[in-house]
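Descriptive analysis of the structure
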Amino acid sequence: MKKKFFSPKIFLLICLIYVISIAAINFGFINSYWEGILKIALINIILVVSLNLATGILGQLSLAHSAFMAMGAYTSVMITKFFTASGWLEFPFAVICGGLVAMFFAVFISYPAMKIPGNYLLIITLAVNEIVRNFIINFNIAGGSTGCRGIAHYSNFSAVYIITVLIVGFIYLLIHSKYGRATICISQNEMLTKSCGVDTFSYKIATFSLAAFFAGIAGGLFAHELLVIEPNMFDYTYSLELLAMVIIGGLGSISGSIISAVIFTILPYTIEFILDIKIIIYLLAMILVIFYMPTGLFSDYKAILAAIKQRFLKKFSRGEKS
Amino acid sequence: MNLISSIINSLLAGGIYALIALAFTLGVNICSLINFVNGELFVICIYIINLCVNLRIPFIFSVIITMIICAISNMALEFYFYRPILKRNKFHSLIVSIGLAFLIQNVFVFIFGDDPQNLSDAVIGTLMFGSIEIEYSLFICFIVTLALMFAVYLLLKCTKLGKMIRAVSENSDSTALMGINNDKIILIVFGICSILLTAAASLFYMSISVTDPYVGTMIGLRSLAAAIIGGLGIISGSIPESVIGAIAGGFIVGLIETLTRTYISTQMSDIAIFLILAVYLTVNCKKYK
């Protein structure tokens, strides 16, 4: 099994994508506009994979991911504005602090909902989303509704790429460890897992708060990339987009999440008219996927590839026969 | 005196939450599905009532027209979306419910825009009991809420249809063996839910003067909190008791909202409601199975 974790193919692929994109950025094949979109896509990969940890692996629907992101973003921005240390000292510190704040609130939020079976977490997280947004607006935190400006530009492509790879790799290792298998068991049958001697309550809280920690880190990166943050960026529409990406990519599938995050981030910028109605399209796609392909569009790409190959082969062989 | 009159007014306004909470409770009891579409249907009902009143149709008739439209649309949603998915997976049906709710909201905003809309006052005036001042509309609201709750309670307790609904909510497998059409009963319950939602929308129309399309999410969530405080999930299986629970929860949430608004601040009311919900869930965690 250990060979599978550190398979050289995937390592080479990651390095290759990094080298190609860095070369394309430096030689001007990708302008700064598209570089920004690529960074947003990478941040969305962190968010979607961590939401998949809470929704697909743990089996708890959560719509507070953009609220955790807002917590991370605002905390890290306050730290980088307050300290005047050099960028490479304060930026990791600020981002990790943002993640820790999001994690703290996630433990606090999920404590009542995780004690009982059922999807009460969904109700509480949906409310938390609105409460956090209203709190930032009404209590005038870092500029209130007008937003916070003048943020230092720390998230360059390499930093975002390395953090994304580290987080996705960590979640991959986590899912395939003893801990991850126990978490998958909780989503299948909680009572049975409990009777096998797994402390389901603390496992649930730990998994959910870990997802929130990664969301907070993504929020910090997001704030230092866009340079302007407003509370309305972090409303429940963003959480819904992330949930739609998770479900379209496939519940519990990391590769599917990565593919759907990249596609659904870049798609609205290539086709102009989608940008206004993108949430409608995402939700419609989510419902259709749940109805006709509940395992997700991109989760079992080998099966899809096999189906396509078979179809082409059939045509080819038919052509040969005739 | 200000305190007493504000408490009374809050209790009256809690009727809206109580009615939507009852719609949520019925949905959860009959097919164990939290139907988030209720909040959005509530907003659409307000808009249809406003449209009818602006077309100079009398208020009562516009409420009846809205009731018919809402019932048809809710039953259609049940028939086309929930019926196939409920038989497959509870988790997927919850995802479909939340997706549909926000899909309806966003399509509505896309077509009609999200400008705040003024609602014309249907009932104006205040009632004086000594020095306590009560608005007419809130008084009507309270009476209508209690009457509807009583009607639903009687329907569930005393009629044959109510007996069938109770049986389906307790054990749907054995009711299917006894020759009850489960799908038909679920469809009828969704119809009852839409009647309750229309009533709540008409009460909202009477007591509040401005609305926008996003109001449904938060009102739906607050009434869901009301339903949980009223015992949703604990006393499932005995619907008549959960009717009383929903009405109590609705009035409690109305009271919390008004008290925080008058004594702390307007923005704290949501935080207070969900903090109390969290405390309630933590205290009663052993009762959920």
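Residues numbered from 1 in each chain as written. Chains lettered and ligands numbered in written order. Predicted model: local features only at pLDDT ≥ 70, side-chain atom pairs only at ≥ 80, totals over all residues. Heavy atoms only, no water.

1. Regarding the confidence of the model for chain A
For chain A, the average pLDDT comes to 83, and 93% of its residues sit at 70 or higher. At the level of individual helices and strands, chain A shows its lowest average pLDDT in helix 1 (residues 2-5) of chain A, which scores 52, and its highest in helix 10 (residues 200-226) of chain A, which scores 90. (pLDDT = per-residue confidence, 0-100. Helix = DSSP H or I, 4+ residues; strand = E, 2+ residues; numbered from the N terminus.)

2. Let's talk about a nonpolar patch on the surface
All names here are of chain A. Side chains of Ile259, Ile263, Leu267, Ile271 and Phe273 sit close together on the surface and give an oily, nonpolar patch of about 400 Å² of accessible area. Locating Ile263 in the fold gives a position in helix 12 (residues 254-270). Assessed through its relative accessible area of 35%, Ile263 is described here as partly exposed. (Patch = residues over 30% accessible without salt bridge, like charges linked within 9 Å, V, L, I, M, F, W, Y side chains within 5 Å. Areas by Shrake-Rupley, 256 points an atom, 1.4 Å probe, with all protein chains shown as cover. Salt bridge = Lys/Arg side-chain N within 4 Å of Asp/Glu carboxyl O. Buried < 20%, exposed > 50% of the residue type's maximum accessible area, 1.4 Å probe, protein only.)

3. Observations concerning the side chain of A:His65
Residues and elements named next belong to chain A. Within the element layout of this structure, His65 appears in helix 4 (residues 65-82). Accessibility expressed as a relative area gives 2% for His65, which makes it buried. Within polar-contact distance, the side chain of His65 engages the side chain of Ser50 at 3.0 Å. In contact with His65, not counting residues within four places along its chain, are Leu47, Ser50, Leu51, Ala211, Ala215, Ser239 and Leu242. (Polar contact = N/O pair within 3.5 Å; in protein donor to acceptor, adjacent residues only side chain to side chain. Contact = heavy atoms within 4.5 Å.)

4. Digging into the interface of chain A and chain B
Counting residues at the interface gives 36 residues for chain A and 41 residues for chain B. The contact between chain A and chain B buries some 3400 Å² in all, and 86% of this surface belongs to carbon and sulfur atoms. The three residues of chain A that bury the most area against chain B are A:Tyr120, A:Ile123 and A:Phe291, which together make up 18% of that side's buried surface. The tally of links between chain A and chain B comes to three residue pairs in polar contact (both at pLDDT 80 or more). Counting residues per element, the side of chain A that touches chain B draws most heavily on helix 6 (residues 120-138) of chain A, which supplies eleven residues. Of the residues that constitute the side of chain A that touches chain B, the class distribution is 29 nonpolar, five polar and two charged. (Buried area = accessible area lost by both parts, 1.4 Å probe. Nonpolar A, V, L, I, M, F, W, Y, C, P; charged D, E, K, R; others polar.)

5. A word on the packing of aromatic side chains
Residues and elements named next belong to chain A. With the rule as written, the count across this model stands at 21 aromatic pairs over all chains. Plain terms: the ring middles of Phe213 and Phe214 are 5.7 Å apart, the flat faces sit at 55 degrees to each other, and that makes the pair tilted. Here Phe213 matches Phe214 in class, with each residue buried. Judged by centre distance (6.3 Å) and plane angle (45 degrees), the rings of Phe291 and Tyr292 are tilted. Following the ring pairs from residue to residue traces out a cluster consisting of Tyr18, Phe157 and Tyr161. Note that Lys115 overlies the ring of Phe201, its terminal NZ or CZ placed 5.5 Å from the centroid. (Phe/Tyr/Trp six-rings, centres within 6.5 Å; stacked < 30°, edge-to-face > 60°. Lys NZ or Arg CZ within 6 Å of the ring centre and 35° of its normal.)

6. A few points about the packing of helix 3 (residues 32-57) of chain A against helix 11 (residues 236-249) of chain A
All names here are of chain A. The interhelical angle for the contact between helix 3 and helix 11, taken along N-to-C directions, is 75 degrees, at an axis separation of 9 Å. In this view, helix 3 runs roughly perpendicular relative to helix 11, as classed from their interaxial angle. Facing helix 3, whose interface residues are Asn44, Leu47, Val48, Leu51, Asn52 and Thr55, helix 11 presents Tyr238, Leu242, Leu243, Met245 and Val246. The residue makeup of the contact of helix 3 with helix 11, split by class, is eight nonpolar, three polar and no charged. (Axes fitted to C-alpha atoms, helices over the stretch in contact; angles between N-to-C directions. Parallel < 35°, antiparallel > 145°, perpendicular 65-115°, else oblique.)

7. Topic: helix 11 of chain A
Residues and elements named next belong to chain A. If you check helix 11, its first and last C-alpha atoms are 20 Å apart, about what 14 residues at 1.5 Å a residue would give, namely 20 Å. Taken across its 14 residues, helix 11 has 13 buried, putting it largely inside the fold. Following helix 11 by one or two positions, Gly250 has its phi on the positive side, about 120 degrees. (Expected span 1.5 Å × (residues − 1).)

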